[in-house]
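These are the residues of each chain, in order.
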Amino acid sequence: MLGEFPAGGANATLRILRGLVKRNRRRYFLYAVCFAVFSHKITGMAQWGAVFSIIAALGGAALLASVHKIDEGHTGVYYRGGALLTTTTGPGFHLMLPFITTYKSVQTTLQTDEVKNVPCGTSGGVMIYFDRIEVVNFLVPSAVYDIVRNFTADYDKALIFNKVHHELNQFCSVHSLQEVYIGLFDQIDENLKLTLQEDLTSMAPGLIIQAVRVTKPNIPESIRRNYELMESEKTKLLISQQTQKVVEKEAETERIKAVIEAEKVAQVSEIKFGQKVMEKETEKKISEIEDNAYLARQKAKADAEYYTALRAAEANKLKLTPEYLQLMKYKAIATNSKIYFGNDIPQMFVDSGSAGSSIKASAVLDVFNDQVIDLD
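Residues numbered from 1 in each chain as written. Predicted model: local features only at pLDDT ≥ 70, side-chain atom pairs only at ≥ 80, totals over all residues. Heavy atoms only, no water.

Novice: Help me out: how do you make sense of the state of the cysteines in this one?
Specialist: Disulfide: a covalent bond formed between the sulfur atoms of two cysteine residues. Enumeration over the complete set of coordinates arrives at one disulfide. Two residues, Cys120 and Cys172, share a disulfide whose sulfurs are 1.7 Å apart. On the criterion of sequence distance, the pair formed by Cys120 in strand 6 (residues 111–121) and Cys172 in helix 5 (residues 155–173) is long-range, its members being 52 residues apart. Given the relative accessible area of 0%, Cys120 is considered buried. (Disulfide = S-S within 2.5 Å. Helix = DSSP H or I, 4+ residues; strand = E, 2+ residues; numbered from the N terminus. Buried < 20%, exposed > 50% of the residue type's maximum accessible area, 1.4 Å probe, protein only.)

Novice: What am I meant to see in the confidence of the model for the protein chain here?
Specialist: Should pLDDT be low for a region, the predicted coordinates there are not to be read in detail. Overall, the prediction assigns the protein chain a mean pLDDT of 78, with 75% of residues at 70 or greater. Across the protein chain, the element-wise mean pLDDT spans from 47 in helix 10 (residues 357–375) up to 94 in strand 2 (residues 74–80). Predicted confidence is poor over residues 1–10, with pLDDT under 50, and the contacts of this stretch with residues over four places away or in other chains come to 12 contacts. Counting contacts from residues 371–376, a segment whose pLDDT is below 50, to residues more than four positions away or on other chains yields three contacts. (pLDDT = per-residue confidence, 0-100. Contact = heavy atoms within 4.5 Å.)

Novice: Sorry if this is basic, but what is going on with the pattern of salt bridges here?
Specialist: It is possible for side chains bearing opposite charge to pair when their charged atoms get close. Taken as a whole, this structure holds 13 salt bridges when the rule is applied. Across the pair Glu134 and Arg132 runs a salt bridge whose closest N-O atoms are separated by 3.1 Å. Residue classification places Glu134 among the buried residues on the basis of a relative accessible area of 13%. Residue Arg225 is joined to Glu221 by a salt bridge in which the shortest nitrogen-to-oxygen separation is 4.0 Å. Here Arg225 and its partner Glu221 are both found in helix 8 (residues 221–319), four residues apart, which amounts to about one turn of the helix. (Salt bridge = Lys/Arg side-chain N within 4 Å of Asp/Glu carboxyl O.)

Shown next, in the form of structure tokens:
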């Protein structure tokens with residue numbers, strides 16, 4: 001690695017040390033100085049022992065310089081002679097050529113870049129300043145080599161810091177102070193995020209913008225006071241509007257309560273009316289049932305009476321024979337001591353002393369018997 005050790009003893013050693021210092025290996029400078037001082041003091045055979053000691057020390061320093069560590073969430077990139085190597089490494093311990101190869105650790109986890117004191121001129125010519133803009137981003141490990149090759153290991157300066165300045169000034173230049181400070185302020189962070197991500201997708205694929213946070217810009221004091229007065233008046237207006245809404249809401253609530261109460265009364269009335277209708281219908285049905293039952297009873301009674309009369313008539317028909325009627329006639333005559341008949345019933349008279357009436361009565365009985373027989 002070092003080739004043949006040059007003649008000249010301590011002077012040659014000092015030249016080597018100066019070469020190491022030029023290569024920015026300062027952490028080994030102290031070791032080399034100690035060996036150089038020691039080389040001035042050795043003579044003869046002891047000088048070669050010192051030379052071998054120096055070589056051993058330099059070998060140990062080279063070994064230490066070749067071992068390096070990459071932390072978790074980082075990716076290592078390597079340079080040799082200023083040229084970027086294609087090799088990248090993940091977290092852990094790794095080896096590289098000492099003094100010739102250098103490395104840088106590139107973070108691939110979520111990180112926040114703060115862009116401070118960004119000037120911005122509005123479309124009306126007012127200069128405002130954003131104190132701090134935070135850009136939360138992360139780098140995909142597979143894209144580390146391409147981004148470092150195109151934008152160096154400090155890629156965030158070109159891709160984030162400079163782009164934030166540019167995009168924010170582009171936004172302010174086409175909007176008024178009212179829009180930037182109040183009207184569209186809530187959209188600045190989202191618009192800035194989308195614009196940055198759109199550019200990065202084409203320029204540096206693999207660099208992802210997670211979020212953008214923008215603080216309220218600083219504006220001239222006189223304008224700020226005017227905005228404060230305007231906000232105060234706007235607050236009063238909002239209070240009056242809210243008061244009006246409260247009054248309207250209360251009136252609406254009262255109206256709704258009245259409607260609900262009226263609907264409740266109407267529903268109760270409807271329910272009561274329905275109950276009455278049902279009661280009347282029930283009474284009607286009961287009356288119909290009772291009427292039908294009474295009609296059935298009367299019909300059954302009439303049928304029974306009719307059947308009784310019919311059976312009685314049939315019995316009488318069988319019973320009223322000529323012999324029976326003759327018998328009944330004699331029984332009826334036997335129960336009456338005197339019977340008087342005349343040609344006209346209203347002119348009938350009763351005379352117990354007439355002797356000829358007996359003969360007439362006997363003739364009348366014969367006529368009555370003939371009539372009964374004719375009826376049969």
